[in-house]
Amino acid sequence: MTHTVVGWHVELEFSEDDQHTRAVAMVRLPDGSEVRARGHAIRHHTDANQPRVGEEIAGARALNELAMQLLTKAHGEIDEASGRISHPIHV
């Protein structure tokens, strides 16, 4: 039995100011397609300025959106290959 190792590299980029952190997540799939998603975090004015925390929140939101897009993509590919409507894929 042959095993094939496949890997995906997910890229995350952040932009920040004093109140907002924005994240963009992107993954390139083996078929050459790219899936991109965005996340956002807002610091409440009474919270301490902790950029790492904003990055974690915005990054997690972007990755969550990326995951949902990948599930939707996979669901569509299952339907296309099977010629029928499959059950929704849940996380």
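In this report, the structure presented in the accompanying data block is examined.

## Some words on the pairing of strand β3 (residues 34–42)
Consideration 1: Here β3 shows a clear split, with V35, A37, G39 and A41 buried on one side and none of E34, R36, R38, H40 and I42 buried on the other.
Consideration 2: Between strand β2 (residues 20–28) and β3, which pair antiparallel one after the other, the connecting turn spans five residues, and G32 there sits at a positive phi close to 95 degrees.

## What about the pattern of salt bridges?
Consideration 1: Using the criterion set out here, one finds six salt bridges in the structure.
Consideration 2: One salt bridge connects R28 with E11, and the closest N-O pair in it is separated by 3.3 Å. Residue R28 is found in strand β2, and its partner E11 is found in strand β1 (residues 10–16); the two are separated by 17 residues along the sequence.
Consideration 3: Under the relative-accessibility criterion, R28 is labelled partly exposed at 45%.
Consideration 4: What makes E11 partly exposed here is its relative accessible area of 36%.
Consideration 5: Several salt bridges share partner residues, and in doing so they unite E11, R28, E34 and R36 into one network.

## Points about the sheet that holds β2
Consideration 1: The three strands are arranged β1-β2-β3 in an open sheet whose pairing can be described as antiparallel. Each of the sheet's edge strands pairs with one partner strand only, and the pair in question is β1 and β3. Within the sheet, the average angular offset between the axes of one strand and its neighbour, ignoring direction, is 15 degrees.
Consideration 2: As defined by bridge partners, β2 adjoins β3 across nine bridges and the pair is classed as antiparallel. Of the residues in β3, the one forming a bridge with A23 is G39.
Consideration 3: In this fold helix α1 (residues 51–82) packs onto β1, β2 and β3, with an angle of close to 145 degrees to the strand it touches most, β3.

Criteria and thresholds
Residues numbered from 1 in each chain as written. Predicted model: local features only at pLDDT ≥ 70, side-chain atom pairs only at ≥ 80, totals over all residues. Heavy atoms only, no water. Buried < 20%, exposed > 50% of the residue type's maximum accessible area, 1.4 Å probe, protein only. Helix = DSSP H or I, 4+ residues; strand = E, 2+ residues; numbered from the N terminus. Pairing = 2+ DSSP bridges. Salt bridge = Lys/Arg side-chain N within 4 Å of Asp/Glu carboxyl O. Axes fitted to C-alpha atoms, helices over the stretch in contact; angles between N-to-C directions. Contact = heavy atoms within 4.5 Å.

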